[in-house]
Amino acid sequence: MTDIRNLVILTGAGISAESGVATFRGPGGLWEGHRVERICTPQALADDPALVHRFYDARRAALATVEPNIAHHALARLDAAWPGDLLVVTQNVDNLHERAGSGRLLHMHGELRSALCAICEHRTPHDGDLPPGAACPACGAHALRPDIVFFGEMPYQMDRIEAALATADLFVSIGTSGAVYPAAGFVQRATHYGAATLELNLEHSAGSGLFDETRLGPASTLVPEWINTLLSNRQTAP
């Protein structure tokens with residue numbers, strides 16, 4: 001397609017998995033004997049803040065052991081070269097897109113290397129461990145928490161995502177399960193607004209049937225191939 005100008009790209013765990021990002025789930029989906037789904041909730045933060053903070057401290061520390069992969073770098077190259085609107089919406093809380101060079105990027109589920117004040121909602125960059133009760137640099141309240149969207153909380157910047165989908169000519173989903181909402185509904189929103197839709201995934205997702213086209217394989221292969229074709233078509237268009 002040579003008439004594509006505006007792009008929205010959704011990325012999920014599948015793109016970071018190829019960099020070796022750990023899931024922090026052991027046998028039976030447990031971490032230190034707890035189900036991850038029960039750690040990443042507002043109630044868990046209230047009941048056992050030390051456990052929740054320790055979980056995210058471990059994930060934050062693990063970022064130092066991984067690097068962006070070919071798919072991350074390909075998306076950064078697209079960001080630099082694409083003349084139209086482009087927004088990469090990632091469900092991932094790691095910083096691999098940034099480290100590869102992507103700039104037109106939105107973390108809908110938060111970021112590991114950020115702390116959020118539960119009182120004034122100020123965000124501040126944060127590396128290293130984040131103990132419960134750390135003081136907010138903006139308001140002084142001892143209420144810093146991981147800047148993560150927990151289960152049951154509303155993802156960030158949904159209005160901006162909706163606006164981008166409304167003007168997109170092409171929506172692409174990369175490495176997602178198609179089972180986590182609201183992100184799983186983006187393909188339907190894009191279709192509603194008239195965009196073409198493409199899925200790049202290791203295997204069929206829960207939403208594969210909603211896409212115009214699904215291509216199966218590792219992100220490190222599919223993403224560079226798609227971007228090379230997209231940019232080549234753009235350059236040869238009359």
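Residues numbered from 1 in each chain as written. Predicted model: local features only at pLDDT ≥ 70, side-chain atom pairs only at ≥ 80, totals over all residues. Heavy atoms only, no water.

Naming follows an unreviewed UniProt entry, where the protein appears as NAD-dependent protein deacylase of Sphingomonas cynarae. According to the UniProt record, the Sequence similarities (unreviewed entry) comment for the protein is "Belongs to the sirtuin family. Class III subfamily." Reading the Function (unreviewed entry) entry of the UniProt record for the protein gives the comment "NAD-dependent lysine deacetylase and desuccinylase that specifically removes acetyl and succinyl groups on target proteins. Modulates the activities of several proteins which are inactive in their acylated form." (UniProt positions renumbered as here; feature names shortened; annotations may be inferred.)

Counting its secondary structure elements, the protein contains nine helices and 11 strands. The C-alpha radius of gyration of the protein comes to 18 Å, within 12% of the 18 Å expected for a compact globule of 238 residues. A principal-axis box enclosing the C-alpha atoms of the protein has dimensions of 60 × 40 × 30 Å. The proportion of buried residues among the 238 residues of the protein is 50%. For the protein, restricting intrachain contacts to residue pairs at least 6 apart in sequence, the fraction spanning at least 24 positions comes to 65%. Summed over its atoms, the accessible surface of the protein is roughly 11200 Å², and 53% of this surface lies on carbon and sulfur atoms. For the protein, the distance from the average site of its 17 positive side-chain charges to the average site of its 26 negative ones is 1 Å. (Helix = DSSP H or I, 4+ residues; strand = E, 2+ residues; numbered from the N terminus. Rg over C-alpha atoms; globule rule 2.2 N^0.38 Å. Buried < 20%, exposed > 50% of the residue type's maximum accessible area, 1.4 Å probe, protein only. Contact = heavy atoms within 4.5 Å. Areas by Shrake-Rupley, 256 points an atom, 1.4 Å probe, with all protein chains shown as cover. Lys, Arg positive; Asp, Glu negative; His and termini not counted. Charge placed at Lys NZ, Arg CZ, Asp CG, Glu CD.)

This part takes up the sheet that holds strand β11 (residues 213-216). Here six strands make up an open sheet; going across it, the order is β5-β4-β1-β9-β10-β11 and the pairing parallel. The open sheet has two edge strands with one neighbour each: β5 (105-107) and β11. Neighbour-to-neighbour, the strand axes of the sheet open up by a mean angle of 15 degrees, direction not taken into account. Sheet topology note: the strand β1 (residues 7-11)/strand β9 (residues 170-174) ladder contains five bridges and is parallel. Each bridged residue has a counterpart across the sheet, and for Leu7 the counterpart in β9 is Leu170. (Pairing = 2+ DSSP bridges. Axes fitted to C-alpha atoms, helices over the stretch in contact; angles between N-to-C directions.)

Here we come to helix α7 (residues 158-167). Among the residues of α7, those classed as buried are Ile161, Ala164 and Leu165. Around the axis of α7, the buried residues are gathered within 100 degrees of arc, so they sit on the same side. Where α7 is buried, its residues contact β1, β4 (86-90), β5, β9 and α8 (186-192). (Arc of directions from axis to C-beta.)

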